[in-house]
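Each chain, written out:
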Amino acid sequence: MMSITIKSYGSLVDVLGDTLTHKATNTDALIDDINKAFPKLKNSSFVIAVNNTVIKTNTQLKQGDQVALMPPYSGG
Amino acid sequence: MKLEERYARHYGLRDFGPQAQEKLQRGSILVIGAGGLGCPVLQYLTASGVGKIGIVDNDRISLSNLHRQILYDSTQIGEYKAQVASDRLKLLNPLVNIQTYILYISPENAIELIEGYDIVIDCTDNFSTRYLLSDICMLLDKPLIFGAIFEYEGQVAIFNKADERGNQTTYRDLFPTPPNPLDSPDCNESGVLGVLPGVIGVLQATEALKLLTGVGNPLVNKLMIINIKDYNTVIVDISPKQRVSDSFAPSSLAEFEDFDYAVHCGIKGNNVPSISSQEFLTIQDSSKVLILDVRNTHEFPKLQCKHIQIPLSQLSDSLQQIDKKEIIVVCQEGKRSQAAAQMLTEKLGTSYSIRNLEGGLSAMTL
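Residues numbered from 1 in each chain as written. Chains lettered and ligands numbered in written order. Predicted model: local features only at pLDDT ≥ 70, side-chain atom pairs only at ≥ 80, totals over all residues. Heavy atoms only, no water.

### What about the overall build of chain A?
Threshold: Segments assigned H or I by DSSP are reported as helices when at least four residues long, segments assigned E as strands when at least two residues long, and all are numbered from the N terminus. Radius of gyration here is computed from C-alpha atoms only, and the compact-globule reference equals 2.2 Å multiplied by the residue count raised to the power 0.38. Residue exposure (1.4 Å probe, protein chains only): buried if accessible area is under 20% of the type maximum, exposed if over 50%, otherwise partly exposed.
The secondary structure content of chain A amounts to two helices and five strands. Counting helices and strands in the order they occur from the N terminus, chain A gives β-α-β-α-β-β-β. The C-alpha radius of gyration of chain A comes to 12 Å, within 12% of the 11 Å expected for a compact globule of 76 residues. In terms of principal-axis extent, the alpha carbons of chain A reach across some 40 × 25 × 20 Å. By the burial criterion, 47% of the 76 residues in chain A qualify as buried.

Take a look at the structure:
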């Protein structure tokens, strides 16, 4: 399995910490695992980027990929 | 000539010069929100000599604004931000045509407001207006410069502007539907480092100058996130692959005009009864009433009356702490408490009397 680095932003840092590593072969499996490991995440809204590109469908991951989880901010 | 003196450092700037300055003077920009982001955006765009600048804001200045909203001073508490900003900006640069709109932007007035401008800048502080702006800018094909902040982090992006491949994106290409208000409080109530909207607002103004002049590479179809604690910065590409048809966005101007963004963002739906700050003061010490503060524990001012505090995000798991039938829910601005009151009404049923403190604690200190 591929070791993936996950970087969190905004309020997600409170739940997941700043960065964590996890083994997964695709983004759906990765998010599924994180949701199980961090139940507080369940209703959170966030966009997923793989290697600095926002993805909208399940995406294959390879060793060393960087995944970013970015929630919406409303403040102004 | 005075014009040449005022803009001398633009005229003498490599790749900029009088040609780019002329483009700024022919340009028009509508700034939605004259708060933390809006203040630096308005100041720099006015100083830079953009031809026409519109200011849309219906809020009044409050003391807690002043640590970041640097167009305003301590003698102006209670005055309309749009008016004070307009007066200041006209002094800063009388050559700029400043238009003042003291109103909330809504589906009823947005089309008329936006049509007269080249570019829209989102300096708002709530999701319902952000989705409204994203939708109407897409429908009117106006570039939208987005900025948003959270604690020490900020986001900047440009939507509705074609990149070199002809692709355009909207805010809904990032976040197709609004977050659940129970999980992502809509209020600009949590703490923020005063300089953060300054940093992000200046970046939004920079992107506006780049769009108008064609100088540099603007953040078209890109989202930049900056953390000012460590300057960790990331820029991610956004693609328009999936269209917004599955996100319940209005697909025509007629649909837009009938769209209720408060309902769409889950901050309005049921009619949660509210209580005014005056009435709250008269019954806050009643032993029959449970005062429930749904703010996070680090927020100020602390409530002086007897109360319990359960942050909104933990409320659904903490219902056993509610031991009275009459409940008044409070927060800073009245939005989180409204969401909480709505949720409590659904979970606890009609045998409870649940009311929301209208306008929150902010309304009481004004």
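Next comes the rest of the account.
### Some remarks on the interface of chain B and chain A
Applied cut-off: Every residue pair with non-hydrogen atoms within 4.5 Å of one another is taken to be in contact. By buried area we mean the combined loss of accessible area, with a 1.4 Å probe, across both parts when two parts are placed together. Each reported salt bridge corresponds to a side-chain nitrogen of Lys or Arg within 4 Å of a carboxyl oxygen of Asp or Glu. As used in this structure description, the phrase polar contact means that two N or O atoms lie within 3.5 Å; if the pair is within protein, one of them must be able to donate a hydrogen and the other to accept it, and residues adjacent in sequence are counted only when both atoms belong to side chains.
Contacts between chain B and chain A engage 37 residues on the former and 21 residues on the latter. Of the roughly 2300 Å² buried where chain B meets chain A, counting both sides, 56% is carbon and sulfur surface. Among the residues chain B hides against chain A, the three largest losses belong to Phe150, Phe175 and Val236 of chain B. Together they make up 20% of the total. There are one salt bridge connecting chain B and chain A. Of the charged contacts in the structure, one is a salt bridge between Lys56 of chain A and Asp173 of chain B, with a shortest N-O distance of 3.2 Å. If you look at where chain B meets chain A, you find 13 residue pairs in polar contact (both at pLDDT 80 or more). Among the secondary structure elements, those contributing two or more residues to the side of chain B that touches chain A are helix H7 (127–140), strand S5 (144–150), strand S6 (153–159), strand S7 (222–227) and strand S8 (232–237) of chain B. Looking at which element gives the most residues to the side of chain B that touches chain A, the answer is S8 of chain B, with five residues.

### Some remarks on the pattern of salt bridges
Residues and elements named next belong to chain B. Under the counting rule described, the total for this entry stands at 13 salt bridges over all chains. The salt bridge partner of Arg130 is Asp122, with a shortest N-O separation of 3.0 Å. The class for Asp122 is buried, based on a relative accessible area of 0%. A single salt-bridge network, built from bridges that share partners, covers Glu279, Glu326 and Arg355.

### Notes on the sheet that holds strand S10 (residues 289–293) of chain B
Residues and elements named next belong to chain B. Inclusion rule: Note on pairing: two strands pair once DSSP finds at least 2 bridges between them. An axis is simply a line fitted to the C-alpha atoms; with a helix, the fit covers only the stretch in contact. Between two such axes, the angle follows the N-to-C directions and lies from 0 to 180 degrees.
Reading across the sheet, the five strands line up as S9-S13-S12-S10-S11 and stay open at both edges, with parallel pairing between neighbours. On the outer flanks of this sheet lie strand S9 (274–275) and strand S11 (308–309), each paired with one strand and no other. The pairing of S9 with strand S13 (residues 353–357) spans two bridges and is classified as parallel. Across the sheet, residue Ile275 finds its bridge partner in S13, namely Leu357. In the packing of helix H13 (residues 335–348) onto the sheet, the strands contacted are S10, strand S12 (326–330) and S13, and the crossing angle to S13 comes to about 175°.

### Some points on the side chain of Asn26 of chain A
Residues and elements named next belong to chain A. On the secondary structure map, Asn26 appears in the loop between strand S2 (19–23) and helix H2 (27–37). From its side chain, Asn26 meets the backbone nitrogen of Asp28 in a polar contact 3.2 Å long. Apart from residues lying up to four places away in sequence, Asn26 is in contact with Asn58, Thr59, Gln60 and Leu61.

### A few points about the confidence of the model for chain A
If pLDDT is low for a region, its predicted coordinates should not be looked at in detail. Heads up, the condition is: Confidence of the predictor in every single residue is expressed as pLDDT, which spans 0 to 100.
In the predicted model, chain A carries a mean pLDDT of 93, and the fraction of residues at 70 or more is 100%. When mean pLDDT is compared element by element in chain A, strand S5 (residues 66–70) of chain A scores highest at 97, while helix H1 (residues 12–16) of chain A scores lowest at 93.

### Section: the packing of helix H3 (residues 17–26) of chain B against helix H8 (residues 196–213) of chain B
Between two packed helices, what matters for the description is the angle formed by their axes and the separation of those axes. Residues and elements named next belong to chain B. What counts is decided by this rule: Comment on the angle field: the value is read as roughly parallel under 35 degrees, roughly antiparallel over 145, roughly perpendicular from 65 to 115, and oblique elsewhere. Throughout this entry, Asp, Glu, Lys and Arg are counted as charged residues, while Ala, Val, Leu, Ile, Met, Phe, Trp, Tyr, Cys and Pro are counted as nonpolar. The remaining residues, Gly among them, count as polar.
The N-to-C vectors of H3 and H8 enclose an angle of 105°; their axes lie 8 Å apart at closest approach. On the basis of their axis angle, the class for H3 and H8 is roughly perpendicular. For the pair H3 and H8, the contacting residues are Ala20, Lys23 and Leu24 in the first and Leu209, Leu212 and Thr213 in the second. A breakdown of the residues in the contact of H3 with H8 according to their chemical character gives four nonpolar, one polar and one charged.

### A look at the nonpolar core
Selection rule: To form a nonpolar core, buried Ala, Val, Leu, Ile, Met, Phe, Trp, Tyr and Cys residues must be joined to one another through side-chain atoms within 4.5 Å.
Judged by nonpolar contacts, the single largest core of 43 residues is most densely connected at Ile29, Leu42, Leu45 and Ile121 of chain B. Broken down by element, the residue count for this core peaks at seven residues, all from H8 of chain B. When residues no more than four places from it in sequence are discounted, the contact partners of Leu45 of chain B are Ile29, Val31, Val50, Ile53, Ile121, Ala205, Ala208 and Leu209 of chain B. Core analysis: the second largest hydrophobic core is formed by 42 residues, Val47, Met70 and Tyr73 of chain A together with Val236 of chain B among them.

### Structural notes on a nonpolar patch on the surface
Test applied: To count toward a patch, a residue needs a relative accessible area over 30% and no salt bridge; like charges are then connected within 9 Å, while nonpolar side chains (Val, Leu, Ile, Met, Phe, Trp, Tyr) are connected within 5 Å. Each accessible area is a Shrake-Rupley result for a 1.4 Å probe, and residues are judged covered by the shown protein chains and nothing else.
On the surface, Tyr152, Leu193 and Val195 of chain B cluster together into a nonpolar patch covering about 250 Å² of accessible area. A relative accessible area of 33% means that Tyr152 of chain B is categorised as partly exposed.

### A closer look at the environment of Tyr101 of chain B
Residues and elements named next belong to chain B. By the element assignment, Tyr101 lies in strand S3 (residues 97–101). The spacing of Tyr101 and Cys331 is 230 residues in sequence and 29 Å in space, taken between C-alpha atoms. One polar contact links Tyr101 to Tyr117, side chain to side chain, over a distance of 2.8 Å.

### Quick notes on the pairing of S8 of chain B
All names here are of chain B. Examined bridge by bridge, S7 and S8 share six bridges and lie antiparallel to one another. What sits directly across from Lys222, in S8, is Asp237. In this antiparallel pair of consecutive strands, S7 and S8, the connection spans four residues, and Tyr231 shows a positive phi of 60°.

### A word on the packing of helix H4 (residues 38–48) of chain B against H8 of chain B
Residues and elements named next belong to chain B. Our working definition: Two helices cross in a left-handed way if the nearer one is turned anticlockwise from the farther one by less than a right angle. They cross in a right-handed way if the turn is clockwise.
Where H4 contacts H8, the axes come no closer than 8 Å and their chain directions differ by 40°. Comparing the axis directions of H4 and H8 gives the class oblique. Crossing angle aside, the handedness with which H4 passes H8 is right-handed. When H4 is examined against H8, the residues Pro40, Val41, Tyr44, Leu45 and Ser48 are found in contact with a partner set consisting of Pro197, Gly198, Gly201, Val202, Gln204, Ala205, Ala208 and Leu209. Tallied by class, the residues present in the contact of H4 with H8 amount to nine nonpolar, four polar and no charged.

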